[in-house]
Amino acid sequence: MSITRRHLLATVAASTTLVMPGIAKAADKVRIGLPTKTYWPTTIAETAVRQKLFEKEGIGAELTIYRGGAETFEAMAAGAADVILDAPSLPAAGRKKGVMSKVVANAAMGNFGWQLMVLAKSTLDVKDLNGKKVAITSAGSGSDLLALWTIQEKKIDFTRVPVGGGGLVPNLLAGNVDAAVVYSPLSFQIAKSGEARTILDYSKEVPPSLTAGWITPDKYAQEKPEMVQKTLNALYGALAFMRGNKDTTVKLIADLYEIPAEIAALEYENTIMKLETDGSMSAPNTLEALQLSLDMARLGGMKDLVPAAEIVSTQFKPVPTKL
């Protein structure tokens, strides 16, 4: 992955930063990169902020929301983020280009809520997308990997159009693209409203693998291991809180993303409750699940990926912060 000044400036300009006020010194602040706004990693990080879990760990946190997974990874590579949530294929590809980072915690073992969608009035099916335009967030992102997997698995070809996380639904509804790879809860929302329909449910079609993890640069893990540990503690503490407090979490999802409570409840049941609660990269079958994820990315068209063992760190195990 090529990280240039232009890329970095574009990434920073497009991002949204939310700074958590706290008692920690500036030197004790972790910068967390999130791939898009209306997505479960943002819900987790926001919960950690609102429940003061970072403060309980004695650190501050700065959340920055980007337009997609690739831009999030670029920001980390450029030194603008310390811990990010992203697809494992990005550190696997980046390592060959000198971007040294590893997955320090397992976040998800499936593509929960991800759907390939067309307008409700469209007559297109998956096989009809040959030669069409399909919206993704950004090149190299999780949505791009799913699009590439679709091309490979269904033996079709279409143009992948990067529109950013916030552009998926508007471009689909405006007819600028023929289909879109949409994440939840947006996928649930436009299906429920009757504006779009699903032609492929990735949570059911794609074999389970380690699809998302918390990632940090090697240098940061070596120089500030206590910051990585405390950050993971707060994030997995937030997930534990969410799983134990449905009403509070559904309200937060609804308020954060300005969606109806019934859609937020779908996100809670179909995504939040299916995320990994342990996070340990040394848990049984984790390495195999990560390698499967990389194998699928390679089949989808990604090249020069290092083996899973080279991007796994077993140095940390989240110990969820309690209220």
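Residues numbered from 1 in each chain as written. Predicted model: local features only at pLDDT ≥ 70, side-chain atom pairs only at ≥ 80, totals over all residues. Heavy atoms only, no water.

## Notes on the nonpolar core
Stage number 1. Judged by nonpolar contacts, the single largest core of 83 residues is most densely connected at Trp-40, Phe-54, Leu-116, Leu-129, Val-181, Tyr-202 and Trp-214.
Stage number 2. No other element matches helix H11 (residues 225–244), which puts nine residues into this core.
Stage number 3. When sequence neighbours within four positions are dropped, the list of residues in contact with Trp-40 reads Leu-85, Ala-107, Ala-108, Ala-212, Glu-267, Thr-271, Ile-272 and Leu-275.
Stage number 4. Counting 25 residues, the second largest nonpolar core, distinct from the first, contains Val-103, Leu-210, Ile-215 and Val-306. (Core = buried A, V, L, I, M, F, W, Y, C linked by side-chain atoms within 4.5 Å. Buried < 20%, exposed > 50% of the residue type's maximum accessible area, 1.4 Å probe, protein only. Helix = DSSP H or I, 4+ residues; strand = E, 2+ residues; numbered from the N terminus. Contact = heavy atoms within 4.5 Å.)

## Section: the environment of Pro-207
Stage number 1. For Pro-207, the position within the fold is in the loop between helix H9 (202–205) and strand S11 (212–217).
Stage number 2. Pro-207 gets classed as partly exposed once you look at its relative accessible area, which sits at 39%.
Stage number 3. C-alpha separation for the pair Pro-207 and Gly-110, spaced 97 residues apart in sequence, amounts to 7.8 Å.

## Structural notes on the side chain of Ser-101
Stage number 1. Position of Ser-101 among the secondary structure elements: in strand S5 (residues 101–108).
Stage number 2. In this structure, Ser-101 is in contact with Phe-73, Met-76, Pro-91, Arg-95, Ile-215, Thr-216, Pro-217, Asp-218 and Ile-311, ignoring residues within four places of it in sequence.

## Here's the deal with the pairing of S5
Stage number 1. Counting buried positions along S5 gives seven out of eight residues, so the element sits mostly inside the fold.
Stage number 2. Alignment of S5 against S11, held across six bridges, turns out to be antiparallel. Considered in S11, the bridge of Ala-105 is made with Trp-214. (Pairing = 2+ DSSP bridges.)

## With respect to the sheet that holds strand S10 (residues 196–201)
Stage number 1. An order of S8-S7-S9-S6-S10 is seen for the five strands of this open sheet, with the pairing classed as mixed. At either end of the open sheet lies a strand with only one pairing partner, and these are strand S8 (159–162) and S10. Recorded for the sheet is a direction-independent mean angle of 30° between the axes of neighbouring strands.
Stage number 2. Here helix H6 (residues 142–154) sits on the sheet and contacts strand S6 (115–119), strand S7 (133–136), S8, strand S9 (179–182) and S10; the angle it forms with S8, its principal contact strand, is near 175°. (Axes fitted to C-alpha atoms, helices over the stretch in contact; angles between N-to-C directions.)

That's the geometry; what it means functionally is another story.
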